[in-house]
Amino acid sequence: MINIPKGTKDVLPDQSYKWRFIEDTAREVARAYNLKEIRTPTFEYTELFQRGVGETTDVVNKEMYTFEDKHGRSITLKPEGTAGAVRMFIENGLASSPLPVKTYYFTPAFRYERPQAGRLREFHQFGIEIFGSESPDTDAEVIFAASSFLRKLGLTDYRLEINSIGCPACRAAYNKALREYFEPRKADLCPTCQERLEKNPLRILDCKEEKCQAICEDAPRILDFLCDDCATHFDKVRHRLDTQGMKYTVNPDIVRGLDYYTKTVFEFVSTRIGAQGTICGGGRYDNLVEQLGGSSVPAIGFAAGIERLMLLMENTGCRFLEPRGVDIYLAGADGAGRDAAMSLAEILRDAGICAETDHMDRSVKAQLKYADKIGARFVAVIGSSEIETKTLSVKRMSDGTETPVRMDSLRDFMQRSVLEFMMAQAQSLK
Ligand code: HAM
């Protein structure tokens, strides 16, 4: 037998409704914030991530799935969604459409990391990216959208942490201070961080090695180096969050693992899913569009890991909206009954009702047992007497009530029942 590759997961038929619930909730939030869906390819030219995400990040340096295609071009399975969204924005000239351009996406992402709870090699993100606004209100709105999403999933066990990592102007002074701090400690850093010290000392703060993390504890913090513009921007974001009553803590240690960020960065973190506690992360990236060949367009976004959300929901007993399942099972008592069941099922399905019939040559008794097993909400047996009277006895499985229904009004009967069921279900989730 061939096994599933390490760090990947199947979604089984009886679990997929959980994915559906998370995705539907995400779409509902996207709709409320006027975000439009985008889809970008699963693979891009490697250079996009090298230039976009940054050569000194772990993601680019160690974790990308990169290969040459048959023409010798270097291709990479996307490790995240932002770089592709920015390429799409530039390549399709979206900068000339009315700004801001507000987008969202679902995407698989691939990172060659050591798999553990909440850390996979293929995982999935719901992300949003807003292009064209430099207003701190947009930062706040993006955070509100993430928060609304988590709330609508029923999650409560998480906290919001924010930070500002400044712009290239304040970063220059900060990098200098970091170099001065790390230089005397260089010998104790891991080889990768020794290299980072030359190229991009900020990345040392993000190193997963314990010895580097210990050295980082007393390193200078970016918040002490913000220029006036970045400090004012951060104050305004905080003010907007405060006005809206959004709870957060300022965590000066958040630097994020990707190079494109400027100014506001944030993470929603939980302690209920093990070491990989970040369920959602994002921030502003005002220079990335220009850096990848577009005009100067500020942008901001976030991405939430669907598998981590699922884990947190399961660990904290959140409810997933369960699928409606089989509305009616039509059991055939004999040849003519089976024929009628199949025709009726098609009429019902055409009206959006989930109808099932027997394909396993089961006896009526076995069909009814099966109908019960798959949770059919209604059951009707069709035999020669039902065909003759053109009337079915439709049994509601929850309480055994039987209702005589004429075959030509079965569709209306079932449509009413489906509506009632959906209304009751929506009510129960409130
Ligand atoms: P990120 O923090 O690298 O940011 O990833 C976002 C989320 O993806 C994480 O918070 C986590 O939930 C999930 N995630 C990351 N790696 C894994 C993994 N190996 N296994 C399972 N889940 C994972 C970004 O990707 C940015 N593109 C977010 C962004 C959008 N910033 C601005 N716009």
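In case you missed it, the structure is sitting above this.
Keep in mind it's a predicted model, so treat the numbers as computed, not measured.

**Q** Help me understand the sheet that holds strand β2 (residues 43-45) in this model?
**A** The strands making up a sheet associate through backbone hydrogen bonding, with each pair oriented either parallel or antiparallel. Reading across the sheet, the three strands line up as β2-β4-β3 and stay open at both edges, with antiparallel pairing between neighbours. Looking along the sheet, the strands with just one partner apiece sit at the ends: β2 and β3 (65-68). Between one strand axis and the next, the sheet turns by 30 degrees as a mean value, whatever way the strands run. Bridge count for β3 against strand β4 (residues 74-77) is four bridges, and the pairing is antiparallel. Each bridged residue has a counterpart across the sheet, and for Phe67 the counterpart in β4 is Ile75.

**Q** Sorry if this is basic, but what is going on with the packing of aromatic side chains here?
**A** Note on aromatic pairs: each is described by the distance of the centres and the angle between the planes. Counting across every chain of the model gives 18 aromatic pairs. With a centroid separation of 5.7 Å and an interplanar angle of 70 degrees, the aromatic rings of Tyr65 and Tyr112 are classed as edge-to-face. You can see Tyr65 sitting in strand β3 and its partner Tyr112 sitting in the loop between β5 (101-110) and β6 (122-131), a full 47 residues away along the chain. On the basis of relative accessibility, which here comes to 28%, the residue Tyr65 falls in the partly exposed class. Over the ring of Tyr112 we find Arg121; its NZ or CZ atom is 3.9 Å from the centre of that ring. Above the plane of the ring of Phe421 lies Arg377, whose end atom (NZ or CZ) is 4.1 Å from the centre.

**Q** When you look at the sheet that holds strand β8 (residues 249-250) in this model, what are you seeing that I'm missing?
**A** One open sheet accounts for eight strands, arranged β1-β5-β6-β11-β10-β9-β7-β8; its pairing is mixed. Looking at which strands have only one partner, the edges of the open sheet turn out to be β1 (36-37) and β8. Where strand β7 (residues 159-164) meets strand β9 (residues 262-269), six bridges bridge the pair, whose relative direction is antiparallel. Considered in β9, the bridge of Asn163 is made with Val265. Packed onto the sheet, helix α9 (residues 228-243) meets β7, β8, β9 and β10 (278-284) and runs at close to 160 degrees relative to β7.

**Q** Help me out: how do you make sense of the site of the ligand in this one?
**A** As a matter of local geometry, the ligand sits amid 26 residues, with Glu80, Thr82, Glu113, Glu129 and Tyr261 nearest to it. In this structure, Cys280 approaches the ligand through a main-chain N or O atom, which is 3.5 Å from an oxygen atom. Residue Phe302 places a main-chain N or O atom 3.3 Å away from a nitrogen atom belonging to the ligand. Those elements giving two or more residues to the shell around the ligand turn out to be β6, β10 and β11 (299-305). For the shell around the ligand, the leading source of residues is β10, giving six residues.

Criteria and thresholds
Residues numbered from 1 in each chain as written. Predicted model: local features only at pLDDT ≥ 70, side-chain atom pairs only at ≥ 80, totals over all residues. Heavy atoms only, no water. Pairing = 2+ DSSP bridges. Helix = DSSP H or I, 4+ residues; strand = E, 2+ residues; numbered from the N terminus. Axes fitted to C-alpha atoms, helices over the stretch in contact; angles between N-to-C directions. Phe/Tyr/Trp six-rings, centres within 6.5 Å; stacked < 30°, edge-to-face > 60°. Buried < 20%, exposed > 50% of the residue type's maximum accessible area, 1.4 Å probe, protein only. Lys NZ or Arg CZ within 6 Å of the ring centre and 35° of its normal. Contact = heavy atoms within 4.5 Å. Near = heavy atom within 4 Å. Polar contact = N/O pair within 3.5 Å; in protein donor to acceptor, adjacent residues only side chain to side chain.

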